[in-house]
Amino acid sequence: MIKDIVINLVKRHKTNDPFLIAEKYASIEIIHYPLPESVRGMYHYYKKNSLIYINSGLSQEEQRVVCAHELGHYFLHPKINILFLEKYTFISRNKLEQQANIFAAELLLPDQLFFTYEDYSYMEIALIENLPIQLVKLKCDLK
């Protein structure tokens, strides 16, 4: 189900860039803000508007991952407010966080990418794509 949502979004918007996808939705506002160091981002739903806060202290690559994760909350659980905490990022047992992580993995690591990196390790793919190794491992576990 999550993969189908992502495939349809990418097809509709002709991009897998989470920031460009978010721009297409009037109800989403992305706010870059200096959040506490332990908070990478958060999704907040309020009066038919969805706010995605992204810690402005993160690198551009990290902000892209956070945006993809928070977009997962928007599309999968739109009326639930959830924090994206650094210490829980890819190891949370929480079902909603895991679903948002799967959404981010599907969005940022399309299946066809793995044909290009057929003989590469998780670490090599993560370094080339500027993504956390945990996200690459998660995507590979989904395949």
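Structural data are supplied above this passage.
In short, a report on the structure. (Residues numbered from 1 in each chain as written. Predicted model: local features only at pLDDT ≥ 70, side-chain atom pairs only at ≥ 80, totals over all residues. Heavy atoms only, no water.)

## Observations regarding the nonpolar core
In plain terms, the rule: To qualify as a nonpolar core, a set must consist of buried Ala, Val, Leu, Ile, Met, Phe, Trp, Tyr and Cys residues joined through side-chain atoms within 4.5 Å. A simple rule labels every residue: compare its accessible area, found with a 1.4 Å probe on the protein chains alone, to the largest value its type can have, and call it buried under 20%, exposed over 50%, or partly exposed in between. Each helix corresponds to a stretch of at least 4 residues labelled H or I by DSSP, and each strand to a stretch of at least 2 residues labelled E; elements are numbered beginning at the N terminus. Contact between two residues is taken to exist if any of their heavy atoms lie within 4.5 Å; hydrogens are not considered.
Of all hydrophobic cores here, the largest spans 33 residues; its most connected members are I28, L71, F103, L109 and L135. Counting only elements with at least two residues in this core, the list comes to helix 1 (2–13), helix 2 (18–23), strand 3 (49–55), helix 3 (60–76), helix 4 (95–108), helix 5 (113–116), helix 6 (122–129) and helix 7 (133–142). For this core, the element with the highest residue contribution is helix 3, accounting for seven residues. Those residues in contact with I28, other than ones at most four positions away along the chain, are A22, S50, I52, L71 and Y74.

## Considerations on the pattern of salt bridges
Cut-off, in case you're wondering: We define a salt bridge as a contact between a side-chain nitrogen of Lys or Arg and a carboxyl oxygen of Asp or Glu at a distance within 4 Å.
According to the stated counting rule, one finds five salt bridges in the structure shown. Across the pair E106 and K3 runs a salt bridge whose closest N-O atoms are separated by 3.9 Å. Here E106, found in helix 4, pairs with K3, found in helix 1; they are 103 residues apart in sequence, far enough to count as distant. Judged by relative accessible area, E106 falls into the buried class, the value being 9%. Between K139 and D111 there is a salt bridge, with its nearest N and O atoms 2.7 Å apart. Linking K139 in helix 7 with D111 in the loop between helix 4 and helix 5, this pair joins segments that are 28 residues apart in sequence. A relative accessible area of 28% means that D111 is categorised as partly exposed. A single salt-bridge network, built from bridges that share partners, covers K3, E106, D111 and K139.

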